[in-house]
Amino acid sequence: MHVPDGFFDVPVSVGAGVFAAAGVAVCLRGARRELDDRTAPMAGLVAAFIFAVQMLNFPVAAGTSGHLLGGALAAILVGPYTAVLCVAVVLLVQGFFFADGGLTALGVNISLMAIVTTVVGWAVFRTVTRAAPGSRRAVVAGSFVAALVSVPAAALVFTALFWLGGTAPIEVSSVAVAMGGVHLLIGLGEGLITAVTVSSVLAVRPDLVYGARGLARRLVLRTADGEVEVGEQEPAPVRAGLRPVLVGGALVAVLLAGFVSFYASSAPDGLEKVAADKGLSANAGPHHLEDAPLAGYGVKGVDDQRLSNGLAGVAGVGLTVVAGGAVFYAVRRRRRHQDRAIA
Amino acid sequence: MSGGHHQLYRPGETLVHRLPPQCKLVAVVSFAVAVVATPRECFWAFGVYALLLGAVAAAARVPAAFVARRMVIEVPFVLFAVAIPLIGTGERIEALGVSLSVPGLWAAWNILAKATLGVAASILLAATTEPRMMLLGAERLRLPRLLVQIATFMLRYMDVIGDQMRRMRVARESRGFVARDLRQAPVLAKSAGALFIRSYERGERVHLAMLSRGYTGEMPSIRDLSASRRDWGVAALLPGLAFVAALVAWSLP
Amino acid sequence: MTAVPLPVSLPDSLKVSGLAYAYPDGTQALFGVDLTIGRGERVALLGPNGAGKTTLVMHLNGILTAGHGSVEVAGLPVRKDTLREIRRRVGLVFQDPDDQLFMPTVREDVAFGPANLGLKGEELDRRVRDALDKVGMIDAIDRPPHHLSFGQRRRVAVATVLAMEPEIVVLDEPSSNLDPASRRELAGILRDLDVTVLMVTHDLPYALELCERAMILSGGVIAADGPTAALLSDGDLLSAHRLELPYGFAVPAHPH
């Protein structure tokens with residue numbers, strides 16, 4: 001799925017680049033919490049593993065072969081944050097050292113193959129294993145489903161990006177069907193390989209499967225003094241914390257406001273339609289802030305429609321975040337004062 | 001991406017080889033941006049870009065055949081690009097008895113031109129920059145240190161892991177295994193599982209070797225790579241001229 | 001070569017008491033290991049494949065945490081809070097030099113340790129050169145490790161550890177995969193070292209050549225402990241623990 005230069009237009013490439021950079025930044029901190037000072041060598045070795053494993057070709061249909069993407073597998077084996085970093089590093093190395101994948105398309109490639117597959121894969125995996133906690137079968141089954149879903153999910157996002165800014169005049173529905181179809185088959189292969197890989201690792205070194213923490217049995221040591229039971233030390237649960245949610249949410253908001261909004265339907269929204277139907281809008285006068293810099297969801301002075309809209313959207317999000325943040329902060333301070341007064 | 005990856009670096013002592021890596025990285029990425037931002041109708045601009053790359057290749061003494069061979073990586077997208085005029089929407093014309101979409105032809109040209117130029121530029125970068133230097137350059141450019149460290153370990157051990165995988169494949173095939181269809185996937189997967197365990201354990205041992213020698217989480221700094229203004233100036237030639245061409249292309253009706 | 005008389009006041013380089021351990025998949029490997037190694041001694045740890053020698057060694061610098069028992073290095077117990085110092089004192093040379101040579105050049109690999117201890121500039125450079133001199137690899141200082149032969153990598157790996165100035169150097173199968181010339185070169189290097197040496201090996205002649213004392217690890221415990229020549233001359237003892245002298249080899253009447 002490595003996208004070359006020129007496949008997507010500039011806004012999509014840049015937008016995806018911003019999203020990818022932010023995602024990687026979030027995962028840099030998360031990975032440190034997952035692995036601590038082991039992050040560099042462990043993630044590096046796992047990245048080398050993913051690189052090697054991506055060379056595993058399996059035939060999917062007559063003449064076509066798919067290869068393992070590895071995002072879901074990596075997430076289940078080493079945790080989601082580290083997995084994103086590993087695949088991202090693999091893509092960066094492939095781009096710069098092997099000329100594989102366009103340099104301007106790195107944003108798209110990392111978003112699709114490092115972030116989407118890993119996040120979707122991990123989310124699906126957790127859903128399945130939460131339904132049957134403590135079960136080894138659930139871990140393996142979860143691995144299968146997670147990997148299976150992650151691949152077409154990436155294909156779906158690819159299609160969405162294509163609809164937003166693909167440079168080829170092909171019906172989006174055709175792209176969706178073709179990409180989705182092929183990647184469903186690839187997903188099957190990926191699911192199978194992921195499940196069996198996780199299962200084989202579980203059999204020998206269950207402590208190496210991040211997704212199976214808490215499954216370990218208690219050990220018995222036979223010593224000269226008799227039998228001593230040694231409990232498996234549970235690694236500290238990784239608390240995701242609020243920040244990734246905030247950053248992720250902000251990013252999505254910016255992306256939506258900055259780019260997707262332009263493509264939003266220009267048909268009147270519910271309220272306007274009703275107003276028009278009921279003849280209420282005849283009484284609507286011009287807004288008294290009509291001449292403001294951001295009026296009409298555009299930026300005064302920027303002529304290109306799309307850019308103008310996009311900038312306005314981003315500015316809007318920014319102002320909202322600042323305003324909302326200020327309110328939130330003010331409220332929290334007040335509460336703290338109150339708490340302190342009580343204590 | 002499947003297929004064998006061989007390192008692209010060709011040792012040499014040319015001007016291009018000697019440029020500090022951070023300059024080359026910025027130059028190639030900027031060049032790629034200029035290319036992608038160019039409107040597709042301006043054929044001449046793409047000709048200029050190709051000439052620029054040719055000049056770099058000549059300066060770096062990288063033979064055209066080398067670049068051409070390594071561009072084979074592009075092949076899947078070439079096939080896709082060729083298919084676009086056949087399946088594209090919009091107004092159609094007849095050529096050689098085949099109905100082709102006009103926007104499709106434009107799109108195919110757009111993708112082919114930009115992707116090819118991008119790949120060629122990347123190949124030239126990789127051919128003239130040692131992997132280690134490339135990472136040091138990235139660090140200079142303030143790429144997050146952890147990412148650079150991960151990449152360092154990945155590069156150091158890529159061959160070792162790949163080697164292990166090859167040995168496992170030889171072992172499988174010596175026992176008559178042939179991957180024909182999806183049913184053989186479980187065998188491949190079990191090899192992958194074994195490979196993961198070995199990779200992970202090696203990672204643990206490497207970490208341990210690092211700890212054994214006093215590692216506390218921060219890699220000690222080693223080499224100092226500074227780029228002079230002249231270096232930046234030379235490196236800026238490629239993207240600079242490309243941007244000029246792009247701007248001219250944009251300003252033309 | 002006779003053992004150097006040891007000053008009584010120096011603590012033992014290594015003291016292991018009642019060490020027991022089981023792998024994550026449940027198999028128990030060590031069933032209570034007791035051993036003591038004094039400063040300046042050169043000791044060989046013998047035993048068949050699968051006896052748990054490497055597992056034992058990994059407890060010496062805290063890679064593995066014992067399920068039961070304790071390890072002390074020059075008086076300092078191996079615990080979570082002492083790991084950093086323990087790891088400076090115990091120089092572990094792995095069987096696979098690729099695990100240990102993780103930097104892009106030899107210089108950087110050997111410098112890694114002392115640099116982490118805070119050495120810089122002149123002093124760091126001197127440490128690196130001294131260590132490489134001791135192993136005879138000074139000429140390879142700026143080359144990448146994967147350009148070196150296996151034997152050369154093994155020597156550089158020893159240098160990376162020597163640069164830390166450890167209390168005890170533990171070598172895991174130092175002579176494995178070495179051609180005869182490399183083997184001889186490495187023996188010369190080890191003989192000239194001024195530290196305590198623990199050598200895990202099943203290369204019995206090498207053990208006899210370099211170590212005046214040997215221990216046999218078998219069945220997860222220390223089954224024998226004594227002068228190397230005496231152990232290797234005891235045919236019954238050797239065969240009871242799946243050890244054999246190589247074809248045609250006989251213990252010389254006066255080794256060293």
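Quick caveat, the model's predicted, so the values are computed rather than measured. (Residues numbered from 1 in each chain as written. Chains lettered and ligands numbered in written order. Predicted model: local features only at pLDDT ≥ 70, side-chain atom pairs only at ≥ 80, totals over all residues. Heavy atoms only, no water.)

Asks: Tell me about the overall build of chain B, residues and numbers included.
Replies: In terms of helices and strands, chain B carries ten helices and two strands. Ordered by position from the N terminus, the helices and strands of chain B form the series α-α-α-α-α-β-β-α-α-α-α-α. At 23 Å, chain B has a C-alpha radius of gyration far larger than the 18 Å of a compact globule built from 253 residues. When its C-alpha atoms are laid out on the principal axes, chain B stretches across 65 × 55 × 30 Å. The buried share of chain B, reckoned over its 253 residues, is 51%. The contacts of chain B with a sequence gap of at least 6 include a subset with a gap of at least 24, amounting to 73%. Of the roughly 12100 Å² that chain B leaves accessible, carbon and sulfur atoms contribute 64%. Positive and negative side-chain charges in chain B, numbering 29 and 16 respectively, have mean positions lying 5 Å apart. (Helix = DSSP H or I, 4+ residues; strand = E, 2+ residues; numbered from the N terminus. Rg over C-alpha atoms; globule rule 2.2 N^0.38 Å. Buried < 20%, exposed > 50% of the residue type's maximum accessible area, 1.4 Å probe, protein only. Contact = heavy atoms within 4.5 Å. Areas by Shrake-Rupley, 256 points an atom, 1.4 Å probe, with all protein chains shown as cover. Lys, Arg positive; Asp, Glu negative; His and termini not counted. Charge placed at Lys NZ, Arg CZ, Asp CG, Glu CD.)

Asks: Give a description of the interface of chain A and chain B that names residues and reports values.
Replies: Chain A puts 64 residues into the contact, and the matching count from chain B is 76 residues. When chain A packs against chain B, the two sides together hide about 6300 Å² of surface, and 80% of this comes from carbon and sulfur. Of all residues in chain A, A:L45, A:F97 and A:F98 give up the largest surface area on contact with chain B, accounting jointly for 12% of the area buried on that side. There are two salt bridges connecting chain A and chain B. Between A:R205 and B:E201 there is a salt bridge, and its shortest N-O distance comes to 2.8 Å. Our count for the contact surface shared by chain A and chain B stands at three residue pairs in polar contact (both at pLDDT 80 or more). Listed by contribution, the elements that provide at least two residues to the side of chain A that touches chain B are α1 (10-35), α2 (39-53), β1 (57-61), α3 (71-78), α4 (80-98) and α7 (172-204) of chain A. It is α2(A) that contributes the most residues to the side of chain A that touches chain B, 14 residues altogether. For the side of chain A that touches chain B, the residue count by class is 43 nonpolar, 14 polar and seven charged. (Buried area = accessible area lost by both parts, 1.4 Å probe. Salt bridge = Lys/Arg side-chain N within 4 Å of Asp/Glu carboxyl O. Polar contact = N/O pair within 3.5 Å; in protein donor to acceptor, adjacent residues only side chain to side chain. Nonpolar A, V, L, I, M, F, W, Y, C, P; charged D, E, K, R; others polar.)

Asks: I'd love a proper account of the domain arrangement of chain B, names of residues and values included.
Replies: The domain architecture assigned to chain B consists of domain 1 (15-137 + 226-251) and domain 2 (144-212). One C-alpha centre belongs to domain 1 of chain B, the other to domain 2 of chain B; they are set 33 Å apart. (Domains from an automatic or database assignment.)

Asks: A description of the pattern of salt bridges should follow, citing residues and the corresponding values.
Replies: By the definition in use, this model includes 27 salt bridges over all chains. Note that C:D99 is salt-bridged to B:R202, the shortest N-O span being 2.6 Å. Here the residue C:D99 occupies a position in helix α3 (residues 97-100), and B:R202 occupies one in helix α9 (residues 185-212), the pair thus bridging two chains. The class for C:D99 is buried, based on a relative accessible area of 2%. On the basis of relative accessibility, which here comes to 6%, the residue B:R202 falls in the buried class. In this structure, the salt-bridge partner of C:E41 is C:R213, at a minimum N-O distance of 3.1 Å. Pair noted here: C:E41 is in the loop between β2 (28-37) and β3 (42-46) and C:R213 is in strand β9 (residues 213-218), with a separation of 172 residues, a long-range link. Looking at C:R213, the relative accessible area reads 15%, which means it is buried. Connected via shared salt-bridge partners are A:R205, A:D207, B:E201 and B:E204.

Asks: I'd love a proper account of the nonpolar core, names of residues and values included.
Replies: With 157 residues, the main nonpolar core has A:F8, A:L85, B:F31, B:Y49, B:M154, B:F196 and C:F102 as its most contacted residues. Mapping this core onto the domain boundaries places at least three of its residues in each of domain 1 (15-137 + 226-251) and domain 2 (144-212) of chain B. Excluding residues within four positions of it along the chain, A:L85 makes contact with A:V24, A:C27, A:L28, A:A31, B:L146, B:L147 and B:I150. Counting residues in each nonpolar core, the second largest holds 50 residues, with C:A115, C:L162, C:L171 and C:M199 among its members. (Core = buried A, V, L, I, M, F, W, Y, C linked by side-chain atoms within 4.5 Å.)

Asks: Account for unusual backbone geometry, naming residues and giving values.
Replies: One non-glycine residue, B:R61, adopts positive backbone phi at about 55 degrees. Structurally, B:R61 can be placed in the loop between α3 (43-59) and α4 (64-70). The residue C:A74 is not glycine, and still its phi comes out positive at about 50 degrees. Relative to the helices and strands, C:A74 resides in the loop between β4 (68-73) and β5 (76-77).

Asks: Could you give an account of the side chain of B:N110, with specific residues and numbers?
Replies: Counting through the fold element by element, B:N110 comes out in helix α6 (residues 102-128). Taking the relative accessible area as the measure of exposure, B:N110 reaches 3% and is therefore buried. Side chain to side chain, B:N110 and B:K114 meet in a polar contact 2.9 Å long. Contact partners of B:N110, with chain neighbours within four places excluded, come to A:G6, A:T167 and B:R40.

Asks: Which residues make up helix α8 (residues 145-174) of chain B, and what are the values?
Replies: All names here are of chain B. The terminal C-alpha atoms of α8, which comprises 30 residues, lie 43 Å apart, in line with the 44 Å expected from a rise of 1.5 Å per residue. Along its length, α8 shows its largest kink, about 45 degrees, at Y157. Positive phi shows up at G176, right after α8, with a value of about 85 degrees. (Expected span 1.5 Å × (residues − 1). Bend = angle between axes of the 7 residues up to and from the residue.)

Asks: Residues and numbers for the interface of chain B and chain C, please.
Replies: In this assembly, 21 residues from chain B lie in contact with 22 residues from chain C. Both faces combined, the contact of chain B with chain C buries some 2100 Å², and carbon together with sulfur accounts for 59% of it. Ranking the residues of chain B by area buried against chain C places B:R156, B:L208 and B:R213 at the top, with a combined share of 35%. Between chain B and chain C we count five salt bridges in total.

Asks: Any details on the environment of A:A141? Residues and values, ideally.
Replies: Topologically, A:A141 is positioned in helix α6 (residues 136-165). Taking the C-alpha atoms as reference points, A:A141 and A:V128, 13 residues apart in sequence, are found 7.8 Å from one another.

Asks: Tell me about the packing of α3(A) against helix α5 (residues 106-131) of chain A, and name the residues and values.
Replies: Residues and elements named next belong to chain A. Between α3 and α5, the least distance of the axes is 8 Å, while the angle of their chain directions is 55 degrees. Relative to α5, the element α3 lies oblique. As α3 packs across α5, the resulting crossing turns out to be right-handed. Residue-level contacts link G71, A72, A75 and I76 of α3 to T117, T118, G121, W122 and F125 of α5. Classifying every residue of the contact of α3 with α5 gives five nonpolar, four polar and no charged. (Axes fitted to C-alpha atoms, helices over the stretch in contact; angles between N-to-C directions. Parallel < 35°, antiparallel > 145°, perpendicular 65-115°, else oblique. Left-handed = near helix turned anticlockwise from the far one by under 90°.)

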